[in-house]
Amino acid sequence: MIRNRAVGRALRALASIVVLSAVTAVPAAAAEAASSPATSAAAALTGAFEAARHIPAADVDGIRAGTLHVGSTDGRQWAIASFAPTRSAAQKVAADFQDGAATGI
């Protein structure tokens, strides 16, 4: 039963990756400013997080320090990070960042 839960979580995570990769939109300025794979991944992941969660960019403070992890397999780049709301974000938006909803894959 525990194994089935772990497999279910893994499948949901993979489905999220597919969905987020499909909706990733990076502004041209961010793409031009990217100087490393981590910077590029951070910009793409931030854009995908905002789009998937329907959160305005003004309400996302950025990636929490130490939470961005990037890698590649089979020619695809992957990234996961935890995001923080801005201080000016509405209370409901800030609350939406809790309980795992601040993670973008």
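Residues numbered from 1 in each chain as written. Predicted model: local features only at pLDDT ≥ 70, side-chain atom pairs only at ≥ 80, totals over all residues. Heavy atoms only, no water.

Of regular secondary structure, the protein possesses 4 helices and 4 strands. Start at the N end of the protein and walk to the C end: the helices and strands fall as α-α-α-β-β-β-α-β. A buried classification covers 26% of the 105 residues belonging to the protein. Considering only contacts in the protein between residues 6 or more positions apart, those separated by 24 or more positions represent 50%. (Helix = DSSP H or I, 4+ residues; strand = E, 2+ residues; numbered from the N terminus. Buried < 20%, exposed > 50% of the residue type's maximum accessible area, 1.4 Å probe, protein only. Contact = heavy atoms within 4.5 Å.)

Evaluation of the coordinates by the stated rule reveals 1 salt bridge. In this structure, the salt-bridge partner of aspartate 96 is lysine 92, at a minimum N-O distance of 3.2 Å. With aspartate 96 and lysine 92 both in helix α4 (residues 91-96) and 4 residues apart, this pair spans about one turn of that helix. Under the relative-accessibility criterion, lysine 92 is labelled exposed at 59%. (Salt bridge = Lys/Arg side-chain N within 4 Å of Asp/Glu carboxyl O.)

Turning our attention to the nonpolar core. Residues Ala41, Leu45, Phe49, Ile55, Val60, Ala79, Ala81, Phe83, Ala89, Val93, Phe97 and Ala102 constitute the largest nonpolar core, which totals 12 residues. At the level of secondary structure, the elements contributing two or more residues to this core comprise α3 (37-53) and β3 (76-85). Every residue in contact with valine 60, bar those within four places of it in the chain, is listed here: Phe49, Glu50, Ile55, Phe83, Ala84, Thr86 and Phe97. (Core = buried A, V, L, I, M, F, W, Y, C linked by side-chain atoms within 4.5 Å.)

Quick look at the side chain of aspartate 59 now. Among the structural elements, aspartate 59 can be located in the loop between α3 and β1 (60-63). Despite its burial, aspartate 59 pairs with no opposite charge; the closest candidate is lysine 92, at 10 Å N-O. Residues within four places of aspartate 59 in sequence aside, it is in contact with Ala84, Pro85, Thr86, Ala89, Val93 and Phe97. (Lys, Arg positive; Asp, Glu negative; His and termini not counted.)

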